[in-house]
Amino acid sequence: MQINHNGVVAENTYDAIVVGSGISGGWAAKELTEKGLKVLVLERGRDLRHVVDYQTTMSMPWDLPHQGKSSEESLKQQSVQARTGYTVQNEATAYLFVKDTEHPYIEKRRFDWMRGYHKGGRSITWGKQSYRWSQMDFEANAKDGIATPWPVNYDEIAPWYSYVERYVGVSGSVENLPQLPDSDFQPAMDLTAAEKVLKRAVESKWKGRKIIPGRAAHLTAPTQEQLALGRGKCQYRNLCSRGCPYGAYFSSNGATLISAERTGNMTFRPHSIVGSLIYDEATGKAKGVNVIDEVSKQPMEFFAKIIFLNASCIASTSILMNTKTQRYGAAGLDESGSLGRYLMDHHLGVGASGIFEGELDKTTFGRRPNGVYVPRYRNLHEEGKGYIRGFGYQGGAAGRQGWSRDIMGFGEDFKKQYTSLGPWSVNLGGFGEWLPYKDNMMFLSPDKKDQWGLPQVVVDAGYTSNEVNMRKDMMNDAAEMLEAMGAKNITTNTSEPALGLGIHEMGTARMGTDRKNSVLNKWNQVWAAPNVFVTDGAFMTSANCVNPSLTYMAFTARAADYAVSELKKGNL
Amino acid sequence: MQRREAVKIFTAVFGASLAVPETVFARLAEPMDMGIKPTLLSSKQRKTLAAVAECIIPKTDTPGAIEAGVPRWFEILLQDCYKPDAQKVIMDGLTNLDAECKTKHGSTFAKLKMPQQIEILTAMEKAERDANVRGGFIRATKDLVKSCYANSEVGASTAFEYQLAPGRWSGEELYKMGDKIYL
């Protein structure tokens, strides 16, 4: 048995360590293993084997103990996440979210933190909406003079978007919109009859507004490469977040981790909670990670030449913060003062809904796991009053009202109504850009620890007039567009924006142009430890208004390529 | 479409490209542990509930609420998924309905003929709406009966049709009143 100079068994040494197996960790694992590196993937939660462990994926509604509604008993264990009204409320998917009772954190102000601690992380339950950023989004911070400029531009990222899209499979339509570049698409999912009415009405009334099919990471025309992974075409069940038995939507479990596994270069270790990096003061690099076994609670060490942090925004930042060094001190691996700050999400829970009583000779067949998308138009084609940046909408008229609508009466007459269709339901819900604010932050509690002895995370973040003013347009524009199509009973909704609700937490270890203004350089490389890369949501310098996962994937593939080439050059 | 057929479709559609063997799908398709015993309602409340449920969804050319097992589902959901104050609205409602029927009609609700039962419930629903009661007994009971029936095996394969894997998507399927609807 070989012993290295630290007296540690060589079997704990790899070429690379990837911390986390969610949407970005899966990509890091795939890219690094395919480039020939021996990679250890550390997942803090349990194993979740593709298909085999998707325990509810084939359940009929009556196979579930409560026909799909979470019991009060189960909600008690997930009471923090239950506040949101989704995710854990569904009996069939609650098992893919953590028990809040086991994973506490501290909210100075409300922060909804939805977590899935298992192989694949939230790539199992994500919304699959996939949109590219445009050059104007990468330029926005510099132009507005806020936060810090992005150190990359669209042209640098575009080839990596294409690279991941061809592997992932993104369905959508070519629109040639400057603010929302097209992806390398598989065929789009059709709009419904009512959505076509909405599209005509909106696009004829407003020049800059478009209604397009949602762009979603579902296979509609799988490639040979995707079929070879055991992935198939979408079957329109819309039971996605139970785990897809066809691998039809993209997840780590159904795609990247299978590719990584097939190289023979991946070691996957579940129940491995990374507390901090092992920092080498002499070289100024990290030589490994400190791990606590989730079950036995025993500490362990693993070593590698390069380390990818993909533990999710808040968790990766916690690891950097919890790495105490002589060189950088107690604040963690950062000298810019930005670590833990500029926490962002998208603000949502605002829009309008109604009914549409046209096209009543038509309905839908199948359950489309997708909707329509309204690309950003405010502060582009139309001015937004009292705010910078903009928002997009998701929603549409996915189907007609069915049995659950309110119907008066009893007996046969009632039953006739109850078993037939009502009008179309139509809604538009906004996804707004949340600006990066220095004071929106997370830090580690100085005294409260979790059951593994790691410091609990404290989150203290809020909103300003930019979000509030934007939400007025988000609500009113939605109602206006529904009105334009002739919808009735239109009601608007809004709420106090709370970070976390979008499940797009990002920032806290942002990229920048200089080690004085950021935690990471343009290659997702930690300024203070160049063999460490952070490619989950933590790296984001601004939030834009589109769903971020596609961007995390593109940046991860790019960073892995860079890391391996630097390693080969002997620079890491 | 029944479960077994759904499993067959998986293999037909995917053939050799399936990531896992058919036996795994068969196992995943087994019902989950259904060892839950409804213990919330008294036998009197159960009788009243069954009669109310059948008035909401009677047997026609398709099965009614009782045949679909709605009363049992209703009690399981009420017991496990409702907060105590919401449970109380329904449980008190059932008890009061019986008491009122005894006073006014000399019989428990369950023993009245259906037309009379429907007349009583219709009047109660109207009164509840007129008074703008939120989460009242009739509304809450109807909502849960509707959901229990649509999600029951009998309801979802007779009065409705539930397909585990529709296999295709159309946003413009033709429809006329009376066509069976897909859940």
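This is a predicted model, so every value here is computed, not measured.

### Brief notes about the overall build of chain A
Looking only at helices and strands, chain A has 12 helices and 21 strands in total. A compact globule built from 572 residues should have a C-alpha radius of gyration of about 25 Å, and chain A, at 24 Å, falls within 12% of that. Once the C-alpha set of chain A is aligned to its principal axes, its extents read approximately 80 × 55 × 50 Å. In chain A, buried positions account for 59% of the 572 residues. When contacts within chain A are restricted to residue pairs at least 6 apart in sequence, long-range pairs at least 24 apart make up 71% of them.

### Some remarks on the interface of chain B and chain A
Listed per partner, the contact involves 60 residues of chain B and 57 residues of chain A. Among the elements of the structure, α1 (3-14), α2 (22-28), α3 (43-56), α4 (70-81), α6 (114-130), α7 (137-150), α8 (153-157) and β1 (170-174) of chain B are those that each provide at least two residues to the side of chain B that touches chain A. Of the residues belonging to the side of chain B that touches chain A, the class tally is 39 nonpolar, 10 polar and 11 charged. Two elements, strand β13 (residues 362-365) of chain A and β1(B), share 3 bridges in a ladder whose sense is antiparallel. In the sheet register, K362(A) faces β1(B), and the bridge partner there is L174(B).

### Details of the packing of helix α5 (residues 84-105) of chain B against α7(B)
All names here are of chain B. Across the interface, α5 lies against α7 with an axial gap of 9 Å and an inter-helix angle of 100°. Compared by their axis directions, α5 and α7 come out roughly perpendicular. Residues A86, V89, I90 and G93 of α5 lie in contact with α7, whose contacting residues are F137, A140 and T141. The residue inventory of the contact of α5 with α7, partitioned by class, reads 5 nonpolar, 2 polar and no charged.

### Brief notes about the nonpolar core
In this structure, A16(A), I17(A), V18(A), V19(A), V39(A) and I307(A) are the most contacted members of the largest nonpolar core, which totals 158 residues. The element that contributes the greatest number of residues to this core is helix α12 (residues 549-568) of chain A, accounting for 10 residues. Beyond its immediate chain neighbours, meaning those up to four positions away, V18(A) contacts G25(A), A28(A), A29(A), L32(A), V39(A), V41(A), F308(A) and N310(A). Membership of the second largest hydrophobic core comes to 40 residues, among which are A51(B), V52(B), A65(B) and C101(B).

### Description of the sheet that holds strand β18 (residues 455-460) of chain A
Residue and element names in this part refer to chain A. Pairing in this open sheet of 3 strands is mixed, and the strands run β3-β18-β17 from one edge to the other. Only two strands of the sheet have a single partner each, and these edge strands are β3 (106-107) and β17 (441-449). Across 2 bridges, β3 lies against β18 in parallel orientation. Note that in β18 the partner of E107 across the bridge is V459. Lying on the sheet, helix α9 (residues 313-321) is in contact with β17 and β18; it crosses β17 at an angle near 65°.

### Some words on the confidence of the model for chain A
Taken residue by residue, chain A gives an average pLDDT of 96. The fraction at 70 or more is 98%. Every residue in residues 1-5 of chain A scores below 50 in pLDDT, and together they form 6 contacts with partners more than four places removed in sequence or on other chains.

### Quick look at the packing of helix α5 (residues 154-168) of chain A against α12(A)
All names here are of chain A. Where α5 meets α12, the axes come as close as 8 Å, and the angle between the chain directions of the two elements is 110°. On the basis of their axis angle, the class for α5 and α12 is roughly perpendicular. Facing α5, whose interface residues are I157, W160, Y161, Y163, V164 and V168, α12 presents L550, M553, A554, A557 and R558. Within the contact of α5 with α12, the residues separate by chemical class into 10 nonpolar, no polar and 1 charged.

### Side note on the confidence of the model for chain B
Reading predicted coordinates in detail is not appropriate for stretches of low pLDDT. Residue and element names in this part refer to chain B. Scored by pLDDT, chain B comes out at a mean of 89, with 84% of its residues at no less than 70. Confidence, read as mean pLDDT per element, is least for α1 in chain B (58) and greatest for α7 (98). Our summary of model confidence lists the complex with pTM equal to 0.95 and ipTM equal to 0.93.

### Thoughts on α9(A)
Residues and elements named next belong to chain A. A large share of α9 lies buried, amounting to 9 of its 9 residues. Buried within α9 we find C313, I314, A315, S316, T317, S318, I319, L320 and M321. Summarising the contacts, the buried residues of α9 are in contact with β1 (13-19), β8 (272-280), β10 (299-309), β17, β18 and β21 (529-534).

### Re the pairing of β10(A)
All names here are of chain A. Both β1 and β10 contribute to a ladder of 6 bridges, which runs parallel. Among the inter-strand pairings, V18 is bridged to a residue of β10, identified as F308. Here strand β9 (residues 285-293) folds back onto β10 in antiparallel fashion, the turn holding 5 residues, of which K297 has a positive phi close to 65°. As defined by bridge partners, β10 adjoins β21 across 3 bridges and the pair is classed as parallel. Within β21, the position partnered with I307 by the bridge is V532.

Conventions we followed
Throughout this document, residue positions are counted from 1 along each chain, in the order its sequence is written. Lettering for chains starts from A, numbering for ligands starts from 1, and both go in the order in which the items are written. In view of the model being predicted, local features appear only for residues whose pLDDT reaches at least 70, and side-chain atom pairs are presented and counted only at 80 or more, with totals across whole chains, interfaces and linings using the full set of residues. Only DSSP runs of H or I reaching four residues or more are called helices, and only runs of E reaching two or more are called strands; each is numbered from the N terminus. Between the two quantities, the radius of gyration covers C-alpha atoms and the globule rule is 2.2 Å times the number of residues to the power 0.38. Neighbour density around each residue's C-beta defines its exposure: 20 or more other C-beta atoms within 10 Å make it buried, 12 or fewer make it exposed, and counts between make it partly exposed, where C-beta atoms are placed from the backbone. Contact criterion: two residues are in contact if their C-beta atoms, reconstructed from the backbone, are within 7 Å. Polar here means any residue other than Ala, Val, Leu, Ile, Met, Phe, Trp, Tyr, Cys and Pro, which are nonpolar, and Asp, Glu, Lys and Arg, which are charged; Gly is therefore polar. At least two DSSP bridges between two strands are required for those strands to pair. In this analysis an axis means a line fitted to C-alpha atoms, helices contributing only their contacting stretch, and an angle means the value between N-to-C directions, from 0 to 180 degrees. An angle counts as roughly parallel when it lies under 35 degrees, as roughly antiparallel when it exceeds 145, as roughly perpendicular when it falls between 65 and 115, and as oblique in every other case. By convention the nonpolar core is taken to be a set of buried residues drawn from Ala, Val, Leu, Ile, Met, Phe, Trp, Tyr and Cys and joined through C-beta atoms within 7 Å. pLDDT expresses, on a scale from 0 to 100, how confident the predictor is about each individual residue.

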